[in-house]
Amino acid sequence: GRAVGCLKMYILSSMLCESTVDPLAANEVKGYVENREISSFVALVSAYQRDDLHEFERVLRTNRRSFDNFLKVYIDDLLKNVRTNVILQLIAPYTNISIGFVAKKLRIPDAEVEALLISLILDARILGYIDQVEQRLTLTSKTKSKDETLAGLNRWVSRIESMSASIQGKIR
């Protein structure tokens, strides 16, 4: 009873914080993997770790009754995490991509894709902008920040000064 509840919370928290540690890998957990209440969580974690959005959604639909109210509060956050990871993988090879194309792949409305893309841009997980008229995401190449540029210029000036001093020392 109590151990199963704690395990559910542990599995949920590992998914919410996007941990790279497999919550089911510990020896203490293996004894509960076959538990009726935990088996749906095992399927959910498996789909989550593979970023398999459609399987994740299928597990949620088919096991809705086995997920208690505690999990139901966080389903939207989990879906957002999976969708975000799928979007990142999907857009990686492109510099310009249609929001409609992404929405079709994820099977969600264009507006939801746009909201996720805006979140990714604001969190600086992707660099780009959205053309809302054309409904396209344009990814930009990473540009150096002003601080990085100034630091590079300062190193360059320092090297020129040391070369100048060296040359002046040889002339004298």
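Our subject is the structure that appears above.
Residues numbered from 1 in each chain as written. Predicted model: local features only at pLDDT ≥ 70, side-chain atom pairs only at ≥ 80, totals over all residues. Heavy atoms only, no water.

## Digging into the overall build of the protein
- Secondary structure assignment for the protein yields 9 helices and 3 strands.
- Its helices and strands taken in sequence order, the protein reads α-α-α-α-α-α-β-α-α-β-β-α from the N to the C terminus.
- At 25 Å, the protein has a C-alpha radius of gyration far larger than the 16 Å of a compact globule built from 172 residues.
- For the protein, buried positions account for 31% of its 172 residues.
- A fraction of 52% describes how many contacts in the protein between residues 6 or more apart in sequence connect residues 24 or more apart. (Helix = DSSP H or I, 4+ residues; strand = E, 2+ residues; numbered from the N terminus. Rg over C-alpha atoms; globule rule 2.2 N^0.38 Å. Buried < 20%, exposed > 50% of the residue type's maximum accessible area, 1.4 Å probe, protein only. Contact = heavy atoms within 4.5 Å.)

## Topic: the sheet that holds strand β2 (residues 128-131)
- Spatially, 3 strands are ordered β1-β3-β2 in an open sheet, and the strand pairing comes out antiparallel. Both outer strands of the open sheet, β1 (96-98) and β2, are each paired with one neighbouring strand and no more. Averaged over all neighbouring strand pairs, the angle between strand axes comes to 20 degrees, with direction disregarded.
- Note that β1 and strand β3 (residues 136-139) share 3 bridges and pair antiparallel. Following the sheet pairing, Asn-96 is matched in β3 by Thr-138.
- Contacting β1, β2 and β3, helix α7 (residues 99-106) crosses the sheet at an angle of about 60 degrees to β1. (Pairing = 2+ DSSP bridges. Axes fitted to C-alpha atoms, helices over the stretch in contact; angles between N-to-C directions.)

## Some thoughts on the pattern of salt bridges
- Scanning the model with the defined rule gives 4 salt bridges in all.
- Salt-bridge contacts for Glu-57 lead to Arg-83; the nearest nitrogen and oxygen are separated by 3.1 Å. One end of the pair, Glu-57, is in helix α4 (residues 53-62); the other, Arg-83, is in helix α6 (residues 75-91), and 26 residues separate them in sequence. Comparing Glu-57 with Arg-83 shows no difference in burial state: the two are buried.
- Through salt bridges with shared partners, a single network forms among Glu-57, Arg-83 and Glu-112. (Salt bridge = Lys/Arg side-chain N within 4 Å of Asp/Glu carboxyl O.)

## Comments concerning the layout of surface pockets
- Within this model, the largest pocket holds a volume of roughly 210 Å³.
- Lining the largest pocket are 13 residues; nearest its centre among them are Glu-18, Ser-19, Thr-20, Tyr-48 and Gln-49.
- With 3 residues, the single largest contributor to the lining of the largest pocket is helix α3 (residues 36-49). (1 Å grid on protein atoms, 1.4 Å probe; cavity = no way out; pocket = protein on both sides within 12 Å on 5 of 7 lines; lining within 4 Å. Points joined across faces, edges and corners; volume = space filled by probe spheres on them.)

## Considering α4
- Along α4, the positions that sit buried rather than exposed are Leu-53, Phe-56, Glu-57, Val-59 and Leu-60. Down the axis of α4, the smallest arc covering the buried residues is 160 degrees, so these residues share one side. For α4, the exposed residues lying more than 90 degrees away from the buried face are Arg-61 and Thr-62. (Arc of directions from axis to C-beta.)

## Describing the environment of Ala-25
- Summarising the element assignment, Ala-25 is placed in the loop between α1 (2-16) and α2 (27-30).
- The sequence separation of Ala-25 and Glu-114 amounts to 89 residues, and the corresponding C-alpha distance is 36 Å.

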